[in-house]
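# Notes for the structure review
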Amino acid sequence: MINALTNAQLFHKISALLTGFSEAEIMATGMLESYYNTVLANSDGDDVEYFFLNVEQILYEEEDSRESAIANQLMPNSSYSGLARNIIILWYTGNWNNNPVSSAAYIQGLMWDSGYTHPPGAKQPGYGSWANVPISVR
């Protein structure tokens, strides 16, 4: 059971569900507050408010039915002006409507972890790392 959560907390929880990363992994990017503020600044206020009300309802559902509820209620482009889709793109690429949020957003994009790689020019794996066999499956 979820007790009354702030929209920022709901954003954290739905970000994990939408991306497939854990809440801890989302927090570890250091981008949670920046991305939450990006969503608020670039989305219609009513869409955001109703989106978070719907997210709260989904979080009250049984875990088995959450994925279906997200797919049916949040993912269609007609739902909340495509807000869920934009949040996924934001977390993976660091972009909002094809505009980079910041250089840190590019570096922390989840696309790099998903591909078991690092962003060119940043987060280098370290000296001698090429001597280790790459990870094939997460």
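Residues numbered from 1 in each chain as written. Predicted model: local features only at pLDDT ≥ 70, side-chain atom pairs only at ≥ 80, totals over all residues. Heavy atoms only, no water.

On to the packing of helix H1 (residues 7-19) against helix H3 (residues 32-42), then. Interhelical geometry of H1 versus H3 gives an angle of 105° and a closest axis separation of 10 Å. Here H1 is positioned roughly perpendicular relative to H3, judged by the angle of their axes. On the side of H1, the interface is formed by Asn7, Ala8, Phe11 and His12, while H3 contributes Leu32, Tyr35, Tyr36 and Val39. For the contact of H1 with H3, a count of residues per class yields six nonpolar, two polar and no charged. (Axes fitted to C-alpha atoms, helices over the stretch in contact; angles between N-to-C directions. Helix = DSSP H or I, 4+ residues; strand = E, 2+ residues; numbered from the N terminus. Parallel < 35°, antiparallel > 145°, perpendicular 65-115°, else oblique. Contact = heavy atoms within 4.5 Å. Nonpolar A, V, L, I, M, F, W, Y, C, P; charged D, E, K, R; others polar.)

At Tyr80, a residue that is not glycine, the phi angle is positive and equals roughly 55°. With phi around 65°, Asn98 is a residue other than glycine that occupies positive phi space. Tracing the chain through its elements places Asn98 in the loop between strand S1 (95-96) and strand S2 (99-100). Exposure remark for Asn98: the relative accessible area of 73% places this residue in the exposed category. (Buried < 20%, exposed > 50% of the residue type's maximum accessible area, 1.4 Å probe, protein only.)

Looking at the secondary structure, you find Thr29 in the loop between helix H2 (23-28) and H3. Given a relative accessible area of 10%, Thr29 falls into the buried group. A distance of 2.7 Å separates a polar atom in the side chain of Thr29 from the backbone oxygen of Ile26. Engagement of the side chain of Thr29 in a polar contact is seen with the backbone nitrogen of Met31, the distance being 3.1 Å. (Polar contact = N/O pair within 3.5 Å; in protein donor to acceptor, adjacent residues only side chain to side chain.)

The next thing to look at is helix H4 (residues 45-60). When the terminal C-alpha atoms of H4 are compared, their 23 Å separation across 16 residues agrees well with the 22 Å that a helix rising 1.5 Å per residue should span. Regarding H4, the residues found buried are Asp47, Val48, Phe51, Phe52, Asn54, Val55, Glu56, Ile58 and Leu59. The elements touched by buried residues of H4 are H1, H3, helix H5 (63-74) and helix H6 (83-93). Between the side-chain oxygen at the start of H4 and the backbone nitrogen of Asp46 there is a gap of 3.1 Å, and the oxygen is on Asp44. (Expected span 1.5 Å × (residues − 1).)

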